[in-house]
Amino acid sequence: NKETPTQDSSVTETAKQPPQNPPLVSYIFTADPSAHVFNGRVYVYPSHDTATGTPENDNGDHFNMMDYHILSMDSIGGKVTDHGVALSINDVPWAGRQLWAPDAAYANGTYYLYFPVKDKKDVFRIGVATSTQPQGPFKAEQQPIPGSYSIDPCVFTDEDGTSYMYFGGIWGGQLQRWNNNHYDSTAPLRKPDEAAILPRFARLSKNMKQFDGPVKELQLVDEKGKPFLEKNNDKRFFEAAWMHKYQGKYYFSYSTGDTHNICYATSNSPTGPFTYRGIILYPVEGWTNHHSILPVGNQWYIFYHDVQQSGKTHLRNVKVAPLYYNADGSIQPIHAK
Ligand code: FUB
């Protein structure tokens, strides 16, 4: 199931008009940006989209990525450096196919790259790789993180030094197959009137390579304190978890998938419960919507992606836009077209 990728440049020949908000880089396709500031420099950990020719389906088989390239810049809007291949699927001993949305963290004098990939039985697991430098190259552990599953890891370290991983994605991300942390390949998606599937989280151990306790559901409720039903698909969790902290509150943001919003919910605790607050980023061009939020100096930013350059849903480009809060801590929504 690993096909030889065609050169990205052959695809850009059919590119549309230049976008208004330019991609960070346009000679390769990048997506799912997790941005961090390390040593005063902005590093972006994206997926590396490639045109493999894998037919499109609802499982996302066409998102058939083979490696990661890390991007960095001195400042937002500054020159972007592509550090080349930081980790290849060929260097992950347990991997089968599809390197999806990664994240990174720093602790213990080490940089950690967290990545979802299907194992050799075609089940998504989350792996970890380490480096002495934020841009890699990264060396993968021999096995996935024990007890990990599904996709889109986001690692958040609180001010007390405790790190948490938030993760999960339904449909092609396979989260519907996991109930009480047990795998059932035949488990169906929830019906419209059933409770929506919840994102997952776990505390990370000090070595940042294991879960320090069981994987739990992250409780997410509407403005009235009621859990979402599957039919509330313009607000319920689908994939693309991100956590940040602003003025002492925890902000959990995520994609609603089939309705293409990036929404957010807030809590006084990193472990929830989280109450829905609204939309941050309205649908962008392309099926997927995926983001990260961070301050760079005194300004907050949202990194996201769209398909303005390719017109193809699995060939995306990472972009960045400023993000603004209101005085009550709510976020001003963005139409990024
Ligand atoms: O890039 C592959 C998948 O598409 C990601 O894991 C999802 O969040 C969506 O962006």
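Structure: above.
Everything quoted here is computed from the prediction, not taken from an experiment.

Brief notes about the overall build of the protein
For step 1, the next point in the chain: Of the regular secondary structure elements, the protein holds one helix and 23 strands.
For step 2, the next point in the chain: Here the C-alpha radius of gyration of the protein, 18 Å, is about what a compact globule of 337 residues would show, namely 20 Å.
For step 3, the next point in the chain: Viewed in the frame of its principal axes, the protein has a C-alpha envelope of about 50 × 45 × 40 Å.
For step 4, the next point in the chain: For the protein, the residues scored as buried account for 60% of the 337 residues in total.
For step 5, the next point in the chain: A separation of at least 24 residues holds for 54% of the contacts in the protein among residues at least 6 apart in sequence.
For step 6, the next point in the chain: Put simply, the protein shows about 13,900 Å² of open surface, and 48% of that area lies on carbon and sulfur atoms.

Here we look at the pairing of strand E22 (residues 299-306)
Consecutive residues of a regular strand have side chains that alternate between opposite faces of the sheet.
For step 1, the next point in the chain: Among the eight residues that make up E22, seven are buried, leaving the element largely enclosed by the rest of the structure.
For step 2, the next point in the chain: Note that strand E21 (residues 292-296) and E22 share five bridges and pair antiparallel. Of the residues in E22, the one forming a bridge with Ile293 is Ile302.
For step 3, the next point in the chain: Counted along the chain from E21 to the antiparallel partner E22, the turn is two residues long, and its residue Gly297 has a positive phi close to 65°.
For step 4, the next point in the chain: For E22 and strand E23 (residues 317-323), the ladder comprises seven bridges, and the chain directions are antiparallel. From the neighbouring strand, His305 faces E23, where its bridge partner is Val318.

Topic: the site of the ligand
For step 1, the next point in the chain: Around the ligand, the neighbouring residues are Asp32, Met65, Trp100, Ala101, Ile151, Asp152, Glu239, Thr288, His290, His305 and Arg316.
For step 2, the next point in the chain: His290 places a side-chain nitrogen or oxygen 2.7 Å from an oxygen atom of the ligand.
For step 3, the next point in the chain: Here Arg316 contributes a side-chain N or O atom positioned 2.7 Å from an oxygen atom of the ligand.
For step 4, the next point in the chain: Bound to the protein, the ligand loses 99% of the 270 Å² it would expose on its own.
For step 5, the next point in the chain: Counted by class, the shell around the ligand contains four nonpolar, three polar and four charged residues.

Definitions and limits used
- Throughout, residues of each chain are indexed from 1 in the direction in which the sequence is written.
- With the structure being a predicted model, the display of local features is reserved for residues of pLDDT at least 70 and the display and counting of side-chain atom pairs for 80 or more, all residues being used for whole-chain, interface and lining totals.
- In computing side-chain properties, one takes all heavy atoms of the structure into account and sets aside hydrogens as well as water.
- Numbering goes from the N terminus for both helices and strands, where a helix is a DSSP run of H or I of at least four residues and a strand is a run of E of at least two.
- Radius of gyration here uses only the C-alpha atoms, and the compact-globule reference equals 2.2 Å multiplied by the residue count raised to the power 0.38.
- The rule is simple: take the accessible area with a 1.4 Å probe, protein chains only, and divide by the maximum for that residue type; under 20% is buried, over 50% is exposed, in between is partly exposed.
- The contact criterion used throughout is that any non-hydrogen atoms of two residues lie within 4.5 Å.
- To measure how exposed things are, a 1.4 Å probe is used in the Shrake-Rupley method; for residues, cover is taken only from the protein chains shown.
- Two strands qualify as a pair provided that DSSP identifies no fewer than 2 bridges between them.
- Note on terminology: near, applied to a residue and a molecule or strand, indicates that one of the residue's heavy atoms is within 4 Å of it.
- Identification of polar contacts relies on pairs of N or O atoms within 3.5 Å, with a donor-acceptor requirement for protein atoms, meaning one able to donate a hydrogen and the other able to accept it, and with residues adjacent in sequence counted only if both atoms are side-chain atoms.
- Residue type decides the class: Asp, Glu, Lys and Arg count as charged, Ala, Val, Leu, Ile, Met, Phe, Trp, Tyr, Cys and Pro as nonpolar, and the leftover types, Gly among them, as polar.

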